[in-house]
Amino acid sequence: QQQVKQSPQSLIVQKGGISIINCAYENTAFDYFPWYQQFPGKGPALLIAIRPDVSEKKEGRFTISFNKSAKQFSLHIMDSQPGDSATYFCAASKETSGSRLTFGEGTQLTVNP
Amino acid sequence: DAGITQSPRHKVTETGTPVTLRCHQTENHRYMYWYRQDPGHGLRLIHYSYGVKDTDKGEVSDGYSVSRSKTEDFLLTLESATSSQTSVYFCAISDPRAGWGEQYFGPGTRLTVT
């Protein structure tokens, strides 16, 4: 049972464009939503995270938009760069469960120069 | 990789043999986790530990066992490896007392069961 659904599976964007990755969750008890970035041969690295008390969080070129009523959240990468080419995972957890993360399936992003 | 090492980094083993993967941390974080990563499934939690000798099952725990005798070490054992356990295994750590309890991942172990 996949509790966090991520789309698209793959995404190709031109340099300077906006990359958008979407996630939808089912469990309304989730209250922590991180995004991870993973390069080939490396472990996932925490990129940015949000709690449901805000609708948007921005860190540099990366923004999370959160829609609690729709149970959806998305990652926007502004001015995408070839160095952003990686696999991105959304995740969710219930704070009270020791941060046991449920991950989406992943999106492979390619930014063409 | 946030003071986390995994060993071995690569292993090829035969079906039916026991395999133990090791995760070592230098951050003194209370929580440790084992995930497996497979194409199309993201990362799935196998087992986790919330303290020395305190462990619990994740969503894909069948065929795996864990042990944690020291804060810094978390071992994952496949008692009798099967081809379906071919995967990349990641260890992660977190400390719920710090910030939002963010999880930090190790470099991974690629396991192939032939």
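Residues numbered from 1 in each chain as written. Chains lettered and ligands numbered in written order. Predicted model: local features only at pLDDT ≥ 70, side-chain atom pairs only at ≥ 80, totals over all residues. Heavy atoms only, no water.

Digging into the overall build of chain B
When helices and strands are tallied, chain B shows zero helices and 11 strands. In terms of principal-axis extent, the alpha carbons of chain B reach across some 40 × 30 × 25 Å. Here chain B, with 114 residues, has 49% of them falling under the buried criterion. Taking the intrachain contacts of chain B between residues at least 6 apart in sequence as the baseline, contacts between residues at least 24 apart amount to 55%. Counting only carbon and sulfur atoms, one obtains 48% of the accessible surface of chain B, whose full area is about 5,200 Å². Here chain B contributes 12 positively and 13 negatively charged side chains, and the mean placements of these two sets differ by 3 Å. (Helix = DSSP H or I, 4+ residues; strand = E, 2+ residues; numbered from the N terminus. Buried < 20%, exposed > 50% of the residue type's maximum accessible area, 1.4 Å probe, protein only. Contact = heavy atoms within 4.5 Å. Areas by Shrake-Rupley, 256 points an atom, 1.4 Å probe, with all protein chains shown as cover. Lys, Arg positive; Asp, Glu negative; His and termini not counted. Charge placed at Lys NZ, Arg CZ, Asp CG, Glu CD.)

Here we look at the overall build of chain A
Across its full length, chain A holds zero helices and 11 strands. What you see in chain A, going N to C, is helices and strands ordered as β-β-β-β-β-β-β-β-β-β-β. Radius of gyration (C-alpha) of chain A: 13 Å, near the 13 Å computed for a compact globule of 113 residues. A principal-axis box enclosing the C-alpha atoms of chain A has dimensions of 40 × 30 × 20 Å. The buried share among the 113 residues of chain A stands at 45%. Contacts spanning at least 24 positions in sequence make up 55% of the contacts within chain A whose residues lie at least 6 apart. The positive charge centre, built from 11 side chains, and the negative charge centre, built from 9, are 3 Å apart in chain A. (Rg over C-alpha atoms; globule rule 2.2 N^0.38 Å.)

Description of the interface of chain A and chain B
At the junction of the two partners, chain A supplies 21 residues and chain B supplies 22 residues. Here chain A and chain B share an interface that buries about 1,800 Å² over both sides, 54% of which is from carbon and sulfur atoms. Viewed at the interface, chain B and chain A are joined by zero salt bridges. Inspection of the region where chain A meets chain B yields three residue pairs in polar contact (both at pLDDT 80 or more). (Buried area = accessible area lost by both parts, 1.4 Å probe. Salt bridge = Lys/Arg side-chain N within 4 Å of Asp/Glu carboxyl O. Polar contact = N/O pair within 3.5 Å; in protein donor to acceptor, adjacent residues only side chain to side chain.)

Section: the nonpolar core
One broad rule of soluble globular proteins: the nonpolar side chains tend to lie buried together. Counting residues in hydrophobic clusters, the biggest one holds 24 residues, and the most contacted among them are Phe33, Trp35, Phe73, Leu75 and Tyr88 of chain A. Looking at this core, the elements with two or more residues in it are strand 2 (10-14), strand 3 (19-25), strand 4 (33-38), strand 5 (45-50), strand 7 (62-67), strand 8 (72-77), strand 9 (86-92) and strand 11 (107-112) of chain A. With four residues, the single largest contributor to this core is strand 9 of chain A. When neighbours within four sequence positions are excluded, leucine 75 of chain A is seen to be in contact with Ser19, Ile20, Ile21, Trp35, Leu47, Ile48, Phe62, Thr63 and Tyr88 of chain A. One finds Leu21, Met32, Ile46 and Tyr64 of chain B within the second-largest nonpolar core, a separate group that totals 19 residues. (Core = buried A, V, L, I, M, F, W, Y, C linked by side-chain atoms within 4.5 Å.)

Side note on the sheet that holds strand 8 (residues 73-78) of chain B
Within a sheet, adjacent strands bond to each other through the backbone by hydrogen bonds, running parallel or antiparallel. Residue and element names in this part refer to chain B. In spatial order, the strands read 1-3-8-7; together these four strands make up an open sheet with antiparallel pairing. Since the sheet does not close on itself, it has two edges, and those belong to strand 1 (4-7) and strand 7 (64-70), each with one partner. Ignoring strand direction, the axes of neighbouring strands in this sheet form an average angle of 20°. Here six bridges tie strand 3 (residues 19-25) to strand 8, and the two strands are oriented antiparallel to one another. Pairing of cysteine 23 across the sheet is with phenylalanine 74, part of strand 8. (Pairing = 2+ DSSP bridges. Axes fitted to C-alpha atoms, helices over the stretch in contact; angles between N-to-C directions.)

As for the sheet that holds strand 6 (residues 56-59) of chain A
Residues and elements named next belong to chain A. Here we have five strands laid out as an open sheet, ordered 1-3-8-7-6, and antiparallel in their pairing. Edge positions in the sheet fall to strand 1 (4-7) and strand 6, since each has one partner strand and no second. Adjacent strand axes in the sheet meet at a mean angle of 15° when their direction is disregarded. Inspection of the sheet shows strand 7 paired to strand 8 by six bridges, in the antiparallel sense.

Section: the state of the cysteines
In this structure the tally under the stated criterion is two disulfides over all chains. Here cysteine 23 of chain A pairs with cysteine 90 of chain A through a disulfide, and the sulfurs are 1.8 Å apart. Classification of the bridge connecting cysteine 23 of chain A and cysteine 90 of chain A rests on its S-S torsion, roughly -95°, and on that basis the disulfide is left-handed. Residue cysteine 23 of chain A is found in strand 3, and its partner cysteine 90 of chain A is found in strand 9; the two are separated by 67 residues along the sequence. Across a sulfur-sulfur distance of 1.9 Å, cysteine 23 of chain B and cysteine 91 of chain B are joined as a disulfide pair. Linking cysteine 23 of chain B and cysteine 91 of chain B, the disulfide has an S-S dihedral of approximately -70° and is accordingly described as left-handed. (Disulfide = S-S within 2.5 Å.)

Keep in mind these values describe shape, not function.
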